[in-house]
Amino acid sequence: MVTKDDTLRRFQNRFVEGMPQPIDFHLGTIDVLPDADGSRVVYSQEILPEALAPIVERAVSEGIAGIARYFAVRP
């Protein structure tokens with residue numbers, strides 16, 4: 001974990017190992033932004049080599065979708 005800022009509603013992390021090929025650099029950012037009566041979750045990343053980007057994007061997308069499903073069934 002690099003950043004956890006409740007005021008900014010931001011979380012940043014770095015992957016340094018555990019990928020299918022060596023990773024040179026990674027910084028993933030999740031921002032939760034106000035959006036009408038709810039929130040919008042925005043994920044961005046910087047990653048090298050770029051060939052790893054689809055792997056991380058898929059994992060993060062599945063995680064964010066799981067969070068959305070969780071809150072969709074809560075009052």
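Just above sits the structure.
Note that the structure is predicted; figures quoted are calculated from it, not measured.

A.B. asks: In this structure, what is going on with the environment of I64? I would like to understand it.
C.D. replies: Note that I64 resides in helix α1 (residues 53–72). Residue classification places I64 among the partly exposed residues on the basis of a relative accessible area of 23%. Considering only alpha carbons, one finds I64 and V42, 22 residues apart in sequence, at a separation of 9.4 Å. In this structure, I64 is in contact with V41 and Y43, ignoring residues within four places of it in sequence.

A.B. asks: Explanation requested: the sheet that holds strand β3 (residues 25–35) in the structure shown.
C.D. replies: Backbone hydrogen bonds are what pair the strands of a sheet, in a parallel or an antiparallel way. Sheet architecture is open: 4 strands sit in the order β1-β2-β3-β4, paired in antiparallel fashion. Pairing within the sheet leaves two strands with one partner each, and these edge strands are β1 (3–5) and β4 (38–48). Geometrically, the sheet is characterised by an average inter-axis angle of 10 degrees between neighbouring strands, direction not taken into account. Inspection of the sheet shows β3 paired to β4 by 11 bridges, in the antiparallel sense. Within β4, the residue paired with I30 across the bridge is Y43. Across the sheet, α1 lies against β3 and β4, angled at about 160 degrees from β4, the strand it touches most.

The rules behind the values
Residues numbered from 1 in each chain as written. Predicted model: local features only at pLDDT ≥ 70, side-chain atom pairs only at ≥ 80, totals over all residues. Heavy atoms only, no water. Helix = DSSP H or I, 4+ residues; strand = E, 2+ residues; numbered from the N terminus. Buried < 20%, exposed > 50% of the residue type's maximum accessible area, 1.4 Å probe, protein only. Contact = heavy atoms within 4.5 Å. Pairing = 2+ DSSP bridges. Axes fitted to C-alpha atoms, helices over the stretch in contact; angles between N-to-C directions.

Distances and angles like these do not, on their own, reveal function.
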